[in-house]
Amino acid sequence: MKKFFKFVFVIALAFCLLYVYNAHTNGELVQTIDKLTMVKETETTVPTTKSKNTVTLADTLNSALTDEEQKAFDIIYNGLSTHKSSVNIYQNIETNRIFELVELVLSQHPEIFWTKGDCTFSNSGRLTFKYAYSYEQAQEKALLIEKKADDILKTMDSKSSDYEKSLALFDYITMHTTYAYDEAADINNHCEVSTIEGVLLNGKAVCSGYSKAYQYLLTLCGMDAVTISGYANTPNGSENHAWTAQVIDNEIYFSDATWGDGFEKNKDSNSVSHIFFLMNSEELEKTHSCNDNFSAIKSTGENNYFVRQGLYFEKYSQPDIRNRIKNAFETDENDIQLQFANPEEYKTAKENLFDNQGIYFILKTIDPLSKKIKTDTIKYSNDDEHNTITIFFSEKE
């Protein structure tokens, strides 16, 4: 599936392929940080509308740092954001922790998109970066990225709520980005797919690119967000992955834009999965687990996509579901997603809608109103872990 990098001493991953290794070479410890992105601390720094007294997600993450680690964090950020070739770390911090601090910096600054991926730390305390682009090239790309982001934001109503903006951006990224399977197989030569450049300029990315682009656009709208790295459960086992933590209505939620693109393989590319939009910790941990660096961020929010859209059901009700489907027809939706409060109601819904073919009765009673939706065949997808059913609509030929 989709994954993300993790700073380790030996291993690497498959599709996100952000592998890291430490090896003694000429007195230096070498760390590969594939697809780390680097940006400058000038025009490309993402603005924020948060007040000085607001505790941000970045504050929450950094609150666990020691004074020495915070100093090193600041040095690393200043080096990366201004495209310095190297910085001196004089603090007494273990090498692996230095690499974790680099990861932490980049999780908070998606506007940093220009590193090659290699990072070395010498015994003398010198941290050296390698970049994918020169300073001048990075600035040119930054201008293109900013223009693209501005074009996207111009399509949104400035009076929209933070929730409406978040949903629009989540849908935009999943609808306009293709997972970069081929590039992921040769990630060292395609580090752009793990950055905002991959999404905003090329429309192809791996999980870190999806997450950072969503984070970047959220912060441009004045919302608080960071990228989280960790693991996700896949048919192949637990794999490295990345997603986004964000704040809406003073509540923290998690969103995974990569998995929002989950219908792509089934050729339902016009549909977005909202199962992974605005999850709380309980929902997230059914399929995801974060690295220790990010464990301080928790969510108890209850107003996920389904609750906000009136698609959450405490009990199965055919009349209520018919009304929701009718509304979806009237607004020309390609699909509808329904979530149930518990496994029992979810099972009841599946049995009534599909085993007992109740969905065809619903569609046929609505069809005279629309006269365009097929009522004799139906395609659907179900998620047992999240008690969710997605029904896809097909137009008559």
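Look up a bit, the structure's there.
What comes next is a walk through the structure. Note that the structure is a prediction, hence the values are computed from the model and not measured.

### Here's the deal with the overall build of the protein chain
1) Next: The number of helices and strands found in the protein chain is 14 helices and 15 strands.
2) Next: Burial analysis of the protein chain (397 residues in total) assigns 55% to the buried set.
3) Next: Sequence separation of 24 or more characterises 69% of the internal contacts of the protein chain that already satisfy a separation of 6 or more.
4) Next: Only carbon and sulfur atoms are counted for the fraction: they give 46% of the accessible area of the protein chain, which is about 17,600 Å².

### Remarks on the nonpolar core
Nonpolar side chains in soluble globular proteins tend to end up buried together.
1) Next: By size, the foremost hydrophobic cluster in this structure holds 102 residues, and its most contacted members are L127, I325 and I391.
2) Next: Among the elements that take part in this core, helix α3 (residues 95-108) stands out by supplying 7 residues, more than any other.
3) Next: In this structure I325 touches I336, I359, I362, L363, I366, I391 and F393, once residues within four positions along its chain are discounted.

### Structural notes on helix α12 (residues 318-330)
1) Next: If you check α12, its first and last C-alpha atoms are 18 Å apart, about what 13 residues at 1.5 Å a residue would give, namely 18 Å.
2) Next: Where α12 is concerned, the buried positions are I321, I325, A328 and F329. Buried residues along α12 cover an arc of 100 degrees about the axis, so they all sit on one side. In α12, the exposed positions that point more than 90 degrees away from the buried face belong to P319 and E330.
3) Next: Backbone geometry just after α12 places D332 at a positive phi near 60 degrees.

### Overview of the pairing of strand β5 (residues 126-131)
1) Next: Residue alternation in β5 divides its side chains into a buried set, L127, F129 and Y131, and an unburied set, R126, T128 and K130.
2) Next: The pairing of strand β3 (residues 86-88) with β5 spans 3 bridges and is classified as antiparallel. The residue bridging S86 from the neighbouring strand is T128, located in β5.

### A closer look at the sheet that holds strand β14 (residues 379-383)
1) Next: The strand order β12-β13-β15-β14 describes an open sheet built from 4 strands, whose pairing is mixed. In the strand order of this sheet, the two ends are held by β12 (312-313) and β14, each with one partner.
2) Next: Two elements, strand β13 (residues 335-340) and strand β15 (residues 388-392), share 5 bridges in a ladder whose sense is antiparallel. In the sheet register, Q339 faces β15, and the bridge partner there is T388.
3) Next: Those strands touched by helix α13 (residues 343-355) are β13, β14 and β15, and its axis lies near 25 degrees from that of β15.

### Topic: unusual backbone geometry
1) Next: The phi dihedral of L278 falls on the positive side, at around 65 degrees, and the residue is not glycine.
2) Next: One can find L278 in the loop between α9 (257-260) and α10 (281-284).
3) Next: For Q357, which is not a glycine, the phi torsion comes out positive at approximately 60 degrees.
4) Next: In this fold, Q357 is placed in the loop between α13 and α14 (358-370).

### What to know about the packing of aromatic side chains
We describe a pair of aromatic rings using the distance from one ring centre to the other and the angle between the two ring planes.
1) Next: Applying the stated criterion to the full structure yields 13 aromatic pairs.
2) Next: The interplanar angle of 40 degrees and the centroid separation of 6.3 Å between the aromatic rings of F129 and Y131 together place this pair among those described as tilted. Grouping residues by exposure puts F129 and Y131 together as buried.
3) Next: Taken together, a centroid distance of 3.6 Å and an interplanar angle of 5 degrees make the contact between F354 and Y380 stacked. In this pair, F354 sits in helix α13 while Y380 sits in strand β14, placing the two residues 26 residues apart along the sequence.
4) Next: An aromatic cluster is defined as three or more aromatic residues linked by ring pairs; in this entry it consists of Y163, F170, Y214, F277, Y305 and F306.

### Some details on the pairing of β14
Along a regular strand, successive side chains alternate from one face of the sheet to the other.
1) Next: Where β14 lies against β15, 5 bridges are found, and the strand directions are antiparallel. Across the sheet, the residue bridging to S381 is T390, located in β15.
2) Next: The antiparallel pairing of β14 with β15 creates a hairpin that spans 4 residues between the two strands, and N387 there sits at a positive phi of about 55 degrees.

### Section: the environment of M175
1) Next: Residue placement: M175 occurs in helix α5 (residues 162-176).
2) Next: On the accessibility criterion, M175 (37% relative accessible area) is partly exposed.
3) Next: Between the alpha carbons of M175 and G260 there is a distance of 9.2 Å; along the sequence they are 85 residues apart.

### Let's talk about the side chain of T177
1) Next: Tracing the sequence through the fold places T177 in the loop between α5 and β6 (178-179).
2) Next: Judged by relative accessible area, T177 falls into the buried class, the value being 3%.

Calculation criteria
- Residues numbered from 1 in each chain as written.
- Predicted model: local features only at pLDDT ≥ 70, side-chain atom pairs only at ≥ 80, totals over all residues.
- Heavy atoms only, no water.
- Helix = DSSP H or I, 4+ residues; strand = E, 2+ residues; numbered from the N terminus.
- Buried < 20%, exposed > 50% of the residue type's maximum accessible area, 1.4 Å probe, protein only.
- Contact = heavy atoms within 4.5 Å.
- Areas by Shrake-Rupley, 256 points an atom, 1.4 Å probe, with all protein chains shown as cover.
- Core = buried A, V, L, I, M, F, W, Y, C linked by side-chain atoms within 4.5 Å.
- Expected span 1.5 Å × (residues − 1).
- Arc of directions from axis to C-beta.
- Pairing = 2+ DSSP bridges.
- Axes fitted to C-alpha atoms, helices over the stretch in contact; angles between N-to-C directions.
- Phe/Tyr/Trp six-rings, centres within 6.5 Å; stacked < 30°, edge-to-face > 60°.

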